[in-house]
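Fold and geometry: a report
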Amino acid sequence: MSSIPLSVYLVIALLLFCIGMFGVLTKRNAVIVLICIELMLNAVNINLVAFAIHGVNPGITGQVFALFTITVAAAEAAVGLAILIALYRNRKTVNVDEMDLMKR
């Protein structure tokens, strides 16, 4: 059993999620936005593992869901970077405000 209380995990996850949300809402560079989304997913992983350890029925389910989340995050990063590379080749920028290719 862990000697660290659940509230510490939740506060750390909250801070990570808030930093990620701030980055997604304020940054204009698409690469930075993807990194901030990864931060938010890592905050969710911390919550999943913390509740798996300190939950009503401690078990391995939180770790399994965290593993699935990591898999989805890796796929999201690969697809997102592929789309960004394609857009950069066409537009010569990774600025989110200038990516209006579908509007034309």
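Whatever comes next refers back to the structure up there.
Parameters and conventions
Residues numbered from 1 in each chain as written. Predicted model: local features only at pLDDT ≥ 70, side-chain atom pairs only at ≥ 80, totals over all residues. Heavy atoms only, no water. Helix = DSSP H or I, 4+ residues; strand = E, 2+ residues; numbered from the N terminus. Rg over C-alpha atoms; globule rule 2.2 N^0.38 Å. Buried < 20%, exposed > 50% of the residue type's maximum accessible area, 1.4 Å probe, protein only. Contact = heavy atoms within 4.5 Å. Areas by Shrake-Rupley, 256 points an atom, 1.4 Å probe, with all protein chains shown as cover. Axes fitted to C-alpha atoms, helices over the stretch in contact; angles between N-to-C directions. Parallel < 35°, antiparallel > 145°, perpendicular 65-115°, else oblique. Left-handed = near helix turned anticlockwise from the far one by under 90°. Nonpolar A, V, L, I, M, F, W, Y, C, P; charged D, E, K, R; others polar. Polar contact = N/O pair within 3.5 Å; in protein donor to acceptor, adjacent residues only side chain to side chain.

**Quick notes on the overall build of the protein chain**
Secondary structure assignment for the protein chain yields 3 helices and 0 strands. Counted from the first residue to the last, the protein chain has its helices and strands arranged as α-α-α. Over its C-alpha atoms the protein chain spans a radius of gyration of 17 Å, topping by over 25% the 13 Å that the globule rule assigns to 104 residues. The buried share of the protein chain, reckoned over its 104 residues, is 19%. In the protein chain, of all internal contacts separated by at least 6 residues, the share reaching a separation of at least 24 is 55%. On the protein chain, roughly 7200 Å² of surface is accessible, and the fraction owed to carbon and sulfur atoms is 73%.

**Side note on the packing of helix α1 (residues 6-26) against helix α2 (residues 30-54)**
The interhelical angle for the contact between α1 and α2, taken along N-to-C directions, is 165°, at an axis separation of 8 Å. Here α2 runs roughly antiparallel to α1, going by the angle between their axes. At the point where α1 passes α2, the crossing takes the left-handed sense. For the pair α1 and α2, the contacting residues are Leu 6, Tyr 9, Leu 10, Ile 12, Ala 13, Leu 16, Phe 17, Ile 19, Gly 20, Met 21, Gly 23 and Val 24 in the first and Val 33, Cys 36, Ile 37, Leu 39, Met 40, Ala 43, Ile 46, Asn 47, Ala 50, Phe 51 and His 54 in the second. Looking at side-chain class alone, the contact of α1 with α2 contains 19 nonpolar, 4 polar and no charged residues.

**Considerations on the side chain of Thr 69**
Among the secondary structure elements, Thr 69 is positioned in helix α3 (residues 61-91). For Thr 69, a relative accessible area of 16% corresponds to the buried category. Within the structure, the side chain of Thr 69 is placed 2.8 Å from the backbone oxygen of Phe 65, a separation counted as a polar contact. Beyond its immediate chain neighbours, meaning those up to four positions away, Thr 69 contacts Leu 41, Asn 45 and Leu 48.

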